[in-house]
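Descriptive analysis of the structure
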Amino acid sequence: MIKILFVCHGNICRSPMAEFVMKDLVSSAGLSGEFYISSAATSSEEIWNGVGNPVYPPARAKLREHGIDCAGKRAVQLTRADYDAYDYLIGMETANIRNMLRILGGDPEGKVRKLLSFAGSDRDIADPWYTDNFDDTYRDVLEGCEALLAKLRESSGL
């Protein structure tokens, strides 16, 4: 089983979008049983008394536009133990990667990558919390997830 953790700052916009887009792509390919996919935050800003906030309503609406349901998802924070639990820890932007490496204590096995790197780009995925552009974020997330799935299928023979 391939285990993927998508990570952004608050785990209410980009990383849950990536989580559920990837789950949808994997399901459409008939590969759900081959993957475990989740998402987390580098910060605790969206977690109150141990309970994470749900996916931000405009992000939820953008997923719903594409027939993707993210009901029940709540923000959780990345932990050092996640490094051993996942095969891929994928950040949305350079700042996420920096914070992930701090939380994880480094990346000795080369598991930490930026999502769009799988599509051959060093671009960051802009945070729609600040840009209010959920269309661009969705397109970038989809581009990265499609490229990631293609790479994983090629490298694992799925």
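Notes on the structure follow.

Thresholds, definitions, all that
- Residues numbered from 1 in each chain as written.
- Predicted model: local features only at pLDDT ≥ 70, side-chain atom pairs only at ≥ 80, totals over all residues.
- Heavy atoms only, no water.
- Helix = DSSP H or I, 4+ residues; strand = E, 2+ residues; numbered from the N terminus.
- Buried < 20%, exposed > 50% of the residue type's maximum accessible area, 1.4 Å probe, protein only.
- Phe/Tyr/Trp six-rings, centres within 6.5 Å; stacked < 30°, edge-to-face > 60°.
- Lys NZ or Arg CZ within 6 Å of the ring centre and 35° of its normal.
- Core = buried A, V, L, I, M, F, W, Y, C linked by side-chain atoms within 4.5 Å.
- Contact = heavy atoms within 4.5 Å.
- Arc of directions from axis to C-beta.
- Expected span 1.5 Å × (residues − 1).
- Polar contact = N/O pair within 3.5 Å; in protein donor to acceptor, adjacent residues only side chain to side chain.

Attention shifts here to the environment of Asn99. Within the secondary structure layout, Asn99 lies in helix 4 (residues 94-104). When its relative accessible area of 21% is taken as the criterion, Asn99 is described as partly exposed. The spatial distance from the C-alpha of Asn99 to the C-alpha of Val7 is 10.0 Å, given a sequence separation of 92 residues.

Further remarks concern the packing of aromatic side chains. In the structure shown here, the tally under the stated rule is four aromatic pairs. Between the aromatic rings of Tyr56 and Phe134, the centroid separation amounts to 6.1 Å while the plane-to-plane angle is 35°, which identifies the pairing as tilted. With Tyr56 in the loop between strand 4 (51-52) and helix 2 (57-65) and Phe134 in helix 6 (residues 134-156), this pair connects stretches of sequence that are 78 residues apart. By relative accessible area, which is 7% here, Phe134 ends up buried. Sitting over the face of the ring of Phe118, Arg113 holds its NZ or CZ atom 4.2 Å from the ring centroid.

Our next topic: the nonpolar core. Judged by nonpolar contacts, the single largest core of 38 residues is most densely connected at Ile4, Phe6, Met22, Phe35 and Cys145. Breaking this core down by element, the ones donating at least two residues are strand 1 (2-8), helix 1 (14-28), strand 2 (35-41), helix 2, strand 5 (88-91) and helix 6. The element contributing the most residues to this core is helix 6, with eight residues. Non-local contacts of Phe35, meaning those with residues more than four positions away in its chain, are made with Met1, Ile2, Ile4, Val26, Leu149, Leu152 and Leu158. With 12 residues, the next largest nonpolar core counts Leu5, Val7, Tyr86 and Met100 among its residues.

A few words on helix 4. Every buried residue of helix 4 is accounted for by Asn96, Ile97, Met100, Ile103 and Leu104. All buried residues of helix 4 project into a common sector of 130° when viewed along the axis, lining one side. The exposed residues of helix 4 that point more than 90 degrees off its buried face are Arg98 and Arg102. Next to the buried residues of helix 4 lie strand 1, helix 1, helix 3 (82-85), strand 5 and strand 6 (112-114).

Between its terminal C-alpha atoms helix 6 stretches 32 Å, which fits the 33 Å expected from 23 residues at 1.5 Å a residue. Buried residues of helix 6: Phe134, Thr137, Tyr138, Asp140, Val141, Gly144, Cys145, Ala147, Leu148, Leu149 and Leu152, and no others. Where helix 6 is buried, its residues contact strand 1, helix 1, strand 2, helix 2, strand 5 and helix 5 (128-131). The N-terminus of helix 6 is capped by Asn133, whose side-chain oxygen sits 3.3 Å from the backbone nitrogen of Asp135. Immediately beyond the C-terminal end of helix 6, within one or two residues, lies Gly157, with a positive phi of roughly 75°.

Structurally, Asp140 is set in helix 6. What Asp140 contacts, discounting residues up to four positions off in sequence, is Leu116, Arg123, Asp124 and Ile125.

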